[in-house]
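Results of the structural survey
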Amino acid sequence: MRIVIKETKKETGKWTADYIWKKIEAFGPTAERPFVMGLPTGSSPLPIYQEWVRRYKAGEISFKNVVTFNMDEYVKIPEDHPESYHAFMYENLFNHIDCPKENINILDGNAADLEKVCKDYEAKILASGGIELFLGGIGPDGHIAFNEPGSSLVSRTRVKTLSYDTILANSRFFNNDMSKVPTQALTVGVGTVMDAREVVIIITGFNKARAVREVIEGGISHMWTVSMLQLHEHAVISLDEPATMELQVESVKYFKDIEDIAGDKMPNHIDE
């Protein structure tokens, strides 16, 4: 894994946004061969989306030849509900850029046959040529998408019942009323993410520090599902300083030294 540490959340977001866009430019997407990207919701990617919107409005970038697949969506919540992930993505990114609507893929949590939705999503990813780069964030318990502790590390897109802790944490978006929080979601699996040719995870804030320690310094565990990235050939984790607070000093020094020596001259992974 390549570990990149910046001082602030804003700097981490900008570095990650620039890094991914360089990958898109190097790919040279066309209408016939678009760049296929996985996207998350949540607070972690917001600085990235804000930077992309800024650059698009400045006329510097275009999403016309980008295809997106979002990680997850609640079950049985209207797409226009302010807390749906459809609404989140359009409010924070898609309404402000030129990505064609037909290129945007978000799981349908209101379908009659949810299992079919999940199978069709996996099939559509494969039909698109697979995901070139999956961007993600993590929860304080080290989960990616809705692959909470205990999830299979080879899981695929599926219906997932949410844990009490997740429902409690998400109640802040529903006027602190747990009864209004959906209890199920559709989510890509850990295996779905691992199939991407590159995975970039952005982690910011001290509340993620323990998860960062487990994911980087700990072993691979289904109790910290993003730890599976230790086995990915091309994985990047971008952190701000607060998120590194539980790492060993020598670990932080090592990763900073590697960046100082090689920086963007290195490949998107470090051979150990």
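Cut-offs used in this document
- Residues numbered from 1 in each chain as written.
- Predicted model: local features only at pLDDT ≥ 70, side-chain atom pairs only at ≥ 80, totals over all residues.
- Heavy atoms only, no water.
- Pairing = 2+ DSSP bridges.
- Helix = DSSP H or I, 4+ residues; strand = E, 2+ residues; numbered from the N terminus.
- Axes fitted to C-alpha atoms, helices over the stretch in contact; angles between N-to-C directions.
- Buried < 20%, exposed > 50% of the residue type's maximum accessible area, 1.4 Å probe, protein only.
- Contact = heavy atoms within 4.5 Å.
- Right-handed = clockwise from strand over helix to strand, strands pointing away.

Spatially, 4-8-7 is the arrangement adopted by the 3 strands of the open sheet, whose pairing is antiparallel. In this open sheet, the two strands that pair with only one neighbour each are strand 4 (72-74) and strand 7 (158-161). Strand-to-strand twist across the sheet, computed as the mean angle between neighbouring axes with direction ignored, equals 30 degrees. Taken together, the 4 bridges between strand 7 and strand 8 (residues 184-187) define a ladder with antiparallel strand orientation. Of the residues in strand 8, the one forming a bridge with Thr161 is Gln184.

The next point concerns the pairing of strand 6 (residues 133-136). Here strand 6 shows a buried face lined by Leu133 and Leu135 and a second buried face lined by Phe134 and Gly136. Two elements, strand 2 (residues 35-39) and strand 6, share 2 bridges in a ladder whose sense is parallel. Bridge pairing in strand 6 links Met37 to Leu133.

With respect to the secondary-structure elements, Met1 resides in the segment before strand 1 (2-6). Judged by its relative accessible area of 18%, Met1 falls in the buried class. Residues Met1 and Gly142, spaced 141 residues apart in sequence, show a C-alpha to C-alpha distance of 16 Å.

Listing the buried residues of helix 7 (residues 209-217) in full gives Ala209, Ala211, Val212, Glu214, Val215 and Ile216. Where helix 7 is buried, its residues touch strand 1, strand 9 (199-203), strand 10 (235-240) and helix 8 (249-261).

Within the secondary structure, Trp224 is located in the loop between helix 7 and strand 10. A sequence separation of 77 residues divides Trp224 from Asn147, and the C-alpha atoms of the two residues are 9.2 Å apart. Dropping the residues within four chain positions of it, Trp224 is found in contact with Pro140, Asp141, Gly142, Arg210, Ala211 and Glu214.

Moving on, we get to the pairing of strand 9. Along strand 9, 5 of the 5 residues are buried, which leaves the element largely enclosed by surrounding structure. Side chains Val199, Ile201 and Ile203 project from strand 9 onto one buried face, and the interleaved Val200 and Ile202 project onto a second face that is buried too. Pairing between strand 6 and strand 9: 3 bridges, direction parallel. Pairing of Gly136 across the sheet is with Ile201, part of strand 9. Relative to strand 10, strand 9 is paired through 5 bridges, and the arrangement is parallel. When the sheet's bridge partners are listed, Ile203 is paired in strand 10 with Leu239. As for the winding sense of the linkage, the β-α-β connection from strand 9 through helix 7 to strand 10 is right-handed.

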